Amino acid sequence: MVDTWLPPYLARPDRYGPMPYRRVGQSGLRLPAVSLGLWHNFGGDKPFDVQRAILRRAFDIGITHFDLANNYGPPYGSAEANFGRHFAADFKPYRDELVISTKAGYDMWPGPYGIGGSRKYLLASLDQSLTRMGLDYVDIFYSHCPDEDTPLEETMGALATAVQQGKALYAGISSYSPERTERAAEVLGQMGVPLLIHQPSYSMVNRWIEGGLLDTIGERGIGCIAFSPLAQGMLTNKYLDGIPEGSRASQGKSLSPDLLSDESLAHVRKLNDLASERGQSLAQMALAWALRDDRVTSVLIGASSVGQLEDSAAAVSNLRFSDAELEEIDRDAVEAGIDLWRSQSRLT
């Protein structure tokens, strides 16, 4: 349903300016260095007009990639449904300038067919996602997480079918181990569908992909888009002086207060000092750092306001690090227990 009461949206003619676009692996697709994820802030619990302002501003500053999943909300499905309303009202004329992705893997509906990596679940979920968003196709369809109870051939076969049917242009995976990523690429390749991209968690305090995954995707020509590059808000100035009311940590949303120990915050404060020396906010430096490796195509940010979006996107104005800066960062960019997806990414 189109919200006819909304004022008409005309994208800025200068929207392709400072934002760099990086090639996704060895494909012909390019993504903005900073992409917008709709994991939080686009469900039924957030004001629709705030969502609209964030999405419009994102596109106006060159963020052409919007990333969703079937169960983003709350409630499940509401982020896709809301995006569908925004798309119909504002972005339909710009469809060919957008990369829209969605995923399936985690629980979505009751019963045995609403979770996992089965062909039945993945393809049914994709159809539902397209309906909610009012789209004929998505650009990227992901297996959201590995499923040890489903043969990898079945999961990859479902992704291949989605591409072959024209319901997705590209296939992707998320939170797969290096070994499983290697096998997924081989299986998809045998079906004539390349594995375009991997979406892992990655940040200064969650560096697991440096232990082999980056090498695997680099050798295979697979792109990489990092989610949670700000570690659920830990790598911002939000928690430098404690836990503010209304923050994720105060609400127990994906960032446990237990992780904000004196030791962890001491490291974060030192990183914040270095960011200030670079003329950046901590969030900007954290995003730039995640992009320092050419194998990382893009970083996914969330945004609860236009101001937060603009601050994060401004990271692209300074993506260079000296060797001395990187050495200093390494002393404080240490694991903080923030990897909520560790068990998934260890499946072989």
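Scroll up a little and you will see the structure.
Residues numbered from 1 in each chain as written. Predicted model: local features only at pLDDT ≥ 70, side-chain atom pairs only at ≥ 80, totals over all residues. Heavy atoms only, no water.

A. Representation of the overall build of the protein within the structure. Across its full length, the protein holds twelve helices and ten strands. Scaling as 2.2 N^0.38, a compact globule of 348 residues should have a C-alpha radius of gyration of about 20 Å, and the protein matches this with 19 Å. The dimensions of the protein, computed from C-alpha atoms along their principal axes, are 50 × 50 × 40 Å. Per element, the accessible surface of the protein, about 14,300 Å² overall, is 49% carbon and sulfur. (Helix = DSSP H or I, 4+ residues; strand = E, 2+ residues; numbered from the N terminus. Rg over C-alpha atoms; globule rule 2.2 N^0.38 Å. Areas by Shrake-Rupley, 256 points an atom, 1.4 Å probe, with all protein chains shown as cover.)

B. The arrangement of the nonpolar core in detail. Judged by nonpolar contacts, the single largest core of 95 residues is most densely connected at L36, I63 and F66. In terms of residue count, helix α9 (residues 282-290) provides more of this core than any other element does, eight residues in total. Apart from residues no more than four positions distant in its own chain, I63 is found in contact with M19, P32, V34, S35, L36, A58, L309 and A313. (Core = buried A, V, L, I, M, F, W, Y, C linked by side-chain atoms within 4.5 Å. Buried < 20%, exposed > 50% of the residue type's maximum accessible area, 1.4 Å probe, protein only. Contact = heavy atoms within 4.5 Å.)

C. Fine view of the pairing of strand β7 (residues 168-174). Where burial is concerned, most of β7 is hidden: five out of the seven residues are buried. Two elements, strand β6 (residues 138-143) and β7, share five bridges in a ladder whose sense is parallel. What sits directly across from I140, in β7, is Y170. Regarding the hand of the β-α-β motif, the stretch spanning β6, helix α4 (residues 152-164) and β7 is right-handed. Relative to strand β8 (residues 195-199), β7 runs parallel, the two being bridged by four bridges. Residue pairing across strands places I173 opposite H198, the latter belonging to β8. (Pairing = 2+ DSSP bridges. Right-handed = clockwise from strand over helix to strand, strands pointing away.)

D. Looking closely at the packing of aromatic side chains. For the coordinates displayed, the defined rule picks out ten aromatic pairs. With 6.4 Å between their ring centres and 35 degrees between their planes, F83 and F87 make a pair best called tilted. Of this pair, F83 and F87 both sit in helix α2 (residues 78-91), separated by four residues, roughly a single helical turn. The exposure classification of F83 matches that of F87, with both residues buried. (Phe/Tyr/Trp six-rings, centres within 6.5 Å; stacked < 30°, edge-to-face > 60°.)

E. Examining the pattern of salt bridges more closely. This model, assessed by the stated rule, comprises 16 salt bridges. Residue R12 is joined to D14 by a salt bridge in which the shortest nitrogen-to-oxygen separation is 2.9 Å. Classification of R12 as partly exposed rests on a relative accessible area of 39%. With a relative accessible area of 44%, D14 lands in the partly exposed category. Salt bridges sharing partners connect three or more residues here, namely R207, E210, R292 and D330. (Salt bridge = Lys/Arg side-chain N within 4 Å of Asp/Glu carboxyl O.)

F. Local environment of unusual backbone geometry. With an omega of 0 degrees, the peptide bond between G73 and P74 qualifies as cis. Residue placement: P74 occurs in the loop between β4 (65-67) and α2. A cis amide bond links P74 with the next residue in sequence, P75, at an omega value of -10 degrees. Residues other than glycine seldom take positive phi values, yet S228 does so here, at roughly 55 degrees.

G. Summary view of the sheet that holds strand β10 (residues 298-301). Pairing is parallel in the closed barrel, where eight strands are placed in the order β3-β4-β5-β6-β7-β8-β9-β10. The mean inter-strand angle of the sheet, taken between neighbouring strand axes irrespective of direction, is 30 degrees. (Axes fitted to C-alpha atoms, helices over the stretch in contact; angles between N-to-C directions.)

H. Spotlight on the packing of helix α5 (residues 178-190) against helix α6 (residues 213-220). Running from N to C, α5 and α6 point in directions that differ by 20 degrees, and their axes come no closer than 9 Å. With respect to their mutual orientation, α5 and α6 come out roughly parallel. Pair α5 / α6 crosses with right-handed handedness. Across the interface between the two elements, P178, T181, E182, A185 and E186 from α5 touch L213, T216, I217 and R220 from α6. Here the contact of α5 with α6 is composed, by residue class, of four nonpolar, two polar and three charged. (Parallel < 35°, antiparallel > 145°, perpendicular 65-115°, else oblique. Left-handed = near helix turned anticlockwise from the far one by under 90°. Nonpolar A, V, L, I, M, F, W, Y, C, P; charged D, E, K, R; others polar.)

I. Up close: helix α3 (residues 119-133). For α3, spanning 15 residues, the distance from its first C-alpha to its last is 21 Å, which sits close to the expected 21 Å at 1.5 Å a residue. Within the span of α3, buried status applies to Y121, L122, L123, S125, L126, S129, L130 and M133. Elements that come into contact with the buried residues of α3 comprise α2, β5 (99-104), β6 and α4. (Expected span 1.5 Å × (residues − 1).)

J. Highlighting α4. In this model α4 runs 18 Å from its N-terminal to its C-terminal C-alpha over 13 residues, within 8% of the 18 Å that 1.5 Å per residue would give. By the burial criterion, the buried members of α4 are L152, T155, M156, G157, A158, L159, A160, T161, A162 and V163. On its buried face, α4 sits against α3, β6, β7 and α5. Within two residues after α4, G166 carries a phi angle of roughly 80 degrees, on the positive side.

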